[in-house]
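Residue-level structure breakdown
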Amino acid sequence: MTRAEFRTILQRWCLEDARDADGIEDLKRDLEFLERELFHEYSVTAYGGHANFGARLAYWIGNLNNDADRKELYRVLAHLFFIGRGEQEAAYRTAYSKHVMQWLMRVANIDPFQNNASQMLAQELAATRFTEVTDSFGIRAFCTANQIQTEALRYKWEGNTENWDPAAFRRSVLDEDANGNVVRKNLVLLEDFVGSGSQMLDAVDLAVSLGPEVNVLLCPLFICPEGADEARNRSNAINHFDYSPVLEFDQRFFISPAPLADENPEFARIRRLLQKIHPLIQGGPQEYGPFGYRQTGGFVVPYANCPDNTVPAIHKRMEDSWRPLFLRNSRLPV
């Protein structure tokens, strides 16, 4: 389907819903605004001959032949949560200026009203090592946004959790001295987007295994309910480990395979649609079902890439049967 053809269909839907009972007109205006302001930031399709959002939207709707299904698919976008570049930079600044600072003041017992509070906080910052769970976080951009100029070592947990050597980690990352004292006694684990937490937890478990002399903070920018529960459980059980996310998504924004008592009234229709159309999408090594990896059922799309926790109808491509709206750039074969 071309963009012109979809515009004709969209105009008809608006005329058929003159009182906007289905919210099509409002959704159309919202998406046109977001297309101008945000959707062009999606990195995966910015280069390489991919179409712009408007054309991709027409292709995406054109995956289906049934007019009622097409309209339901369009209405799924009312639940889309797009994280733009500006929102991620704001999250970088909030993580540092609020979550890390408050944590350091608490673990070092710094009273913000005492005369030497700034000096004590500077000492704690000098004893802090910032690390990233995966390279999708972008620790270089985090340091730039927060004007952190002395973080020469930028450690990434991903790829280093197998055969992890705690002694080597203490020497090279925590700057352990000849007497066995760690200079960097505050260890911060940062991540941009956490779904189920499977990648994050390996890093957390290794970090806390260093013992109570090392204070550990996990600070994801955006985290889904399953990952948040896992992080909170560990924080409640381990004294020297704290969890402080910038934005924790509420469960009510995620669609589950089975109905929940307090779910969005539209989710029953969306659930039926996702299950109905999934034969057009399913297959390949990343076949997680209609609700995505570990059945998270997300509608979240960060500008840098679409997570596999988001419903595959949005991001998965299948030759001859499905064109995605926000193509996911995967590390695995698709």
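Up top is the structure.
Bear in mind that the values here come from a model prediction, so they are computed numbers and not experimental data.

Each helix and strand counted, the protein chain has twelve helices and eight strands in total. The principal-axis extent of the C-alpha atoms belonging to the protein chain is close to 75 × 45 × 45 Å. Per-residue burial for the protein chain yields a buried fraction of 50% across its 334 residues. Within the protein chain, counting contacts between residues at least 6 apart in sequence, those at least 24 apart form 68% of the total. Total accessible area on the protein chain stands at roughly 16500 Å², and carbon and sulfur atoms take up 47% of it. For the protein chain, the distance from the average position of its 36 positive side-chain charges to the average position of its 46 negative side-chain charges is 4 Å.

Time to look at the pattern of salt bridges. Under the defined criterion, the tally for this structure stands at 26 salt bridges. With its nearest N and O atoms 3.2 Å apart, the salt bridge here joins Glu16 to Arg12. In this pair, Glu16 and Arg12 are both assigned in helix α1 (residues 3–16), four residues apart and thus about one turn of the helix distant. Among the ionic contacts, a cluster of salt bridges with common partners joins Asp22, Glu72, Arg75, Glu266 and Arg269.

At a closest axis distance of 10 Å, the pairing of helix α2 (residues 24–37) and helix α4 (residues 67–76) adopts a crossing angle of 50°. Classified by the angle their axes make, α2 and α4 are oblique. Crossing of α2 against α4: the hand is left-handed. Contacts from Ile24, Leu27, Lys28 and Leu31 in α2 reach Lys71, Tyr74 and Arg75 in α4. Residue classes in the contact of α2 with α4 are distributed as four nonpolar, no polar and three charged.

This part takes up the packing of aromatic side chains. For the structure shown, the criterion picks out 25 aromatic pairs. Here the aromatic rings of Phe39 and Phe53 are separated by 4.5 Å at their centres, their planes lie at 40°, and the arrangement is tilted. Of this pair, Phe39 sits in the loop between α2 and α3 (53–61) while Phe53 sits in helix α3, placing them 14 residues apart in sequence. Taking the relative accessible area as the measure of exposure, Phe53 reaches 5% and is therefore buried. Given a relative accessible area of 2%, Phe39 falls into the buried group. Every member of this aromatic cluster is reached through a ring pair, and the members are Phe39, Tyr42, Phe53, Phe82 and Phe326.

Taking burial as the measure, the five residues of strand β2 (residues 128–132) include five buried ones, the bulk of the element. Burial of β2 is two-sided: the residues Thr128, Phe130 and Glu132 facing one way and the residues Arg129 and Thr131 facing the other way are all buried. Sheet topology places β2 next to strand β3 (residues 155–156); two bridges connect them, and they run parallel. Following the sheet pairing, Thr131 is matched in β3 by Tyr155.

If you check the backbone angles, Asn163 has positive phi at about 55° while not being a glycine. With respect to the helices and strands, Asn163 occurs in the loop between β3 and α8 (166–172). At Asp320, a position not held by glycine, the phi torsion is positive, near 70°. Here Asp320 shows up in the segment after α12 (312–315). A relative accessible area of 84% means that Asp320 is categorised as exposed.

Attention now moves to the nonpolar core. Within the largest apolar cluster, 43 residues are counted, with the highest numbers of intra-cluster contacts made by Leu57, Trp60, Tyr74 and Phe326. Elements with a minimum of two residues in this core: α1, α2, α3, α4, α11 (267–277) and α12. What Tyr74 contacts, discounting residues up to four positions off in sequence, is Phe6, Leu10, Trp13, Ile24, Leu27, Lys28, Leu31, Leu57 and Ile61. If you look at the next biggest cluster of nonpolar residues, it comprises 30 residues, including Phe130, Phe142, Ile148 and Val300.

A few words now on the side chain of Asp308. Tracing the backbone through its elements, the reader meets Asp308 in the loop between β8 (300–302) and α12. What makes Asp308 buried here is its relative accessible area of 16%. When sequence neighbours within four positions are dropped, the list of residues in contact with Asp308 reads Tyr288, Gly292, Tyr293, His315 and Arg328.

Looking now at the environment of Val133. Positionally, Val133 belongs in the loop between β2 and α7 (139–145). Counting along the chain gives 22 residues from Val133 to Tyr155, while the straight-line C-alpha distance between them is 8.5 Å. Here Val133 is in contact with Lys156, Trp157, Glu158, Leu189, Leu190, Glu191, Gln199, Met200 and Ala203, once residues within four sequence places are set aside.

To continue, consider helix α10 (residues 225–237). The α-helix advances 3.6 residues per turn, and as a result positions three or four apart in sequence lie on the same side. Helix length check: α10 (13 residues) gives 18 Å between terminal C-alpha atoms against 18 Å at 1.5 Å per residue, within 8%. Among the residues of α10, those classed as buried are Pro225, Gly227, Ala228 and Ala231. Viewed end-on, α10 has its buried residues packed into an arc of 155°, placing them on one side of the element. Every exposed residue of α10 that faces more than 90 degrees away from the buried side is listed here: Asn236 and Ala237. Where α10 is buried, its residues meet β4 (186–194), α9 (198–208), β5 (215–223), β6 (241–243) and β7 (247–248).

Thresholds, definitions, all that
- Residues numbered from 1 in each chain as written.
- Predicted model: local features only at pLDDT ≥ 70, side-chain atom pairs only at ≥ 80, totals over all residues.
- Heavy atoms only, no water.
- Helix = DSSP H or I, 4+ residues; strand = E, 2+ residues; numbered from the N terminus.
- Buried < 20%, exposed > 50% of the residue type's maximum accessible area, 1.4 Å probe, protein only.
- Contact = heavy atoms within 4.5 Å.
- Areas by Shrake-Rupley, 256 points an atom, 1.4 Å probe, with all protein chains shown as cover.
- Lys, Arg positive; Asp, Glu negative; His and termini not counted.
- Charge placed at Lys NZ, Arg CZ, Asp CG, Glu CD.
- Salt bridge = Lys/Arg side-chain N within 4 Å of Asp/Glu carboxyl O.
- Axes fitted to C-alpha atoms, helices over the stretch in contact; angles between N-to-C directions.
- Parallel < 35°, antiparallel > 145°, perpendicular 65-115°, else oblique.
- Left-handed = near helix turned anticlockwise from the far one by under 90°.
- Nonpolar A, V, L, I, M, F, W, Y, C, P; charged D, E, K, R; others polar.
- Phe/Tyr/Trp six-rings, centres within 6.5 Å; stacked < 30°, edge-to-face > 60°.
- Pairing = 2+ DSSP bridges.
- Core = buried A, V, L, I, M, F, W, Y, C linked by side-chain atoms within 4.5 Å.
- Expected span 1.5 Å × (residues − 1).
- Arc of directions from axis to C-beta.

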